[in-house]
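Coordinate inspection notes
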Amino acid sequence: MRDEMIYFADMVPDTSGGRDAYGDPAMELKLSDVVFAELKSIGQSEFYQAQTAGRKPEIKFKVTDYLDYQGQKYLIHEGVRYTVLRTYRTASNELEITCYGGVRDADSTISD
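A short tour of the structure in this document, coming up. (Residues numbered from 1 in each chain as written. Predicted model: local features only at pLDDT ≥ 70, side-chain atom pairs only at ≥ 80, totals over all residues. Heavy atoms only, no water.)

A closer look at unusual backbone geometry
Put simply, the rule is: Helical segments are the DSSP runs of H or I of at least four residues, strand segments are the runs of E of at least two, and each set is numbered from the N terminus. Only protein chains enter the accessibility calculation, which uses a 1.4 Å probe. A residue is then buried if its area is under 20% of the maximum for its type, exposed if over 50%, and partly exposed in between.
Phi at Glu78 takes a positive value of approximately 50°, unusual for a residue other than glycine. On the secondary structure map, Glu78 appears in the loop between strand 5 (74-77) and strand 6 (80-89). The exposure class of Glu78 is exposed, given its relative accessible area of 60%. Backbone geometry places Asn93, a non-glycine residue, at a positive phi of 65°. Note that Asn93 resides in the loop between strand 6 and strand 7 (95-104).

Rendered as structure tokens:
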């Protein structure tokens, strides 16, 4: 059942044209529209295969249409920002998205 709300996100240059302390363009988190997804569990073999590569998959989602995802680096669920580890497109054009490293911070807070 697709009852979890997620957002895809990427860091993009700040629209105000500001600069950070190092003189680089300031970055801001740009969110997609809400996407409804199904929360899945990380399989045991998938977990151990990722561990051998130094990664720790923490959460997985399935979205109905693979076109909802445009290659963004982050996924936000319940105010926690995850990094996308891998995606897998199924035969029925659904997309499974495996993520790791949940970070709760002010940039990933979604207000309804």
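A closer look at the pairing of strand 5
Our working definition: Pairing between two strands requires that DSSP report at least two bridges joining them.
Neither face of strand 5 is exposed, since Tyr74 and Ile76 on one face and Leu75 and His77 on the opposite face are all buried. Sheet topology places strand 1 (residues 4-13) next to strand 5; 4 bridges connect them, and they run antiparallel. Residue pairing for strand 5: Ala9 is matched across the bridge by Tyr74. In the sheet, strand 5 pairs with strand 6 via 4 bridges, with the strands oriented antiparallel. The residue of strand 6 that forms the bridge with Tyr74 is Thr83.

Some words on the packing of aromatic side chains
The line we're drawing: The pairing test for Phe, Tyr and Trp rings, Trp by its six-membered ring, is centres within 6.5 Å, and the orientation test on the planes gives stacked under 30 degrees, edge-to-face over 60, and tilted for anything in between. Two limits define a charge over a ring: the Lys NZ or Arg CZ must be within 6 Å of the ring centre, and within 35 degrees of the ring normal.
Enumeration according to the criterion identifies 1 aromatic pair in this entry. The interplanar angle of 65° and the centroid separation of 5.1 Å between the aromatic rings of Phe8 and Tyr69 together place this pair among those described as edge-to-face. One end of the pair, Phe8, is in strand 1; the other, Tyr69, is in the loop between strand 4 (57-63) and strand 5, and 61 residues separate them in sequence. Looking at Arg81, its charged tip hangs above the ring of Tyr74, at a distance of 4.9 Å from the centre.

Observations regarding the nonpolar core
Here is the rule: Residues belong to one nonpolar core when they are buried, are Ala, Val, Leu, Ile, Met, Phe, Trp, Tyr or Cys, and are joined through side-chain atoms within 4.5 Å. Contacts between residues were defined by any pair of non-hydrogen atoms, one from each residue, lying within 4.5 Å.
Counting residues in hydrophobic clusters, the biggest one holds 15 residues, and the most contacted among them are Ile6, Phe8, Val63, Leu75, Ile97 and Cys99. Sorting the residues of this core by element identifies strand 1, strand 3 (35-40), strand 4, strand 6 and strand 7 as the ones contributing at least two each. Look past the residues within four positions of Phe8 in its chain and what remains in contact with it is Lys30, Leu31, Ser32, Val35, Asp68, Tyr69, Gln72, Tyr74, Leu75 and Ile97. Core analysis: the second largest hydrophobic core is formed by 5 residues, Tyr7, Ala9, Tyr74 and Ile76 among them.

Thoughts on the environment of Thr15
Examined against the element boundaries, Thr15 turns out to sit in the loop between strand 1 and strand 2 (27-31). C-alpha of Thr15 to C-alpha of Pro25: the two residues are 10 residues apart in sequence and 9.6 Å apart in space.

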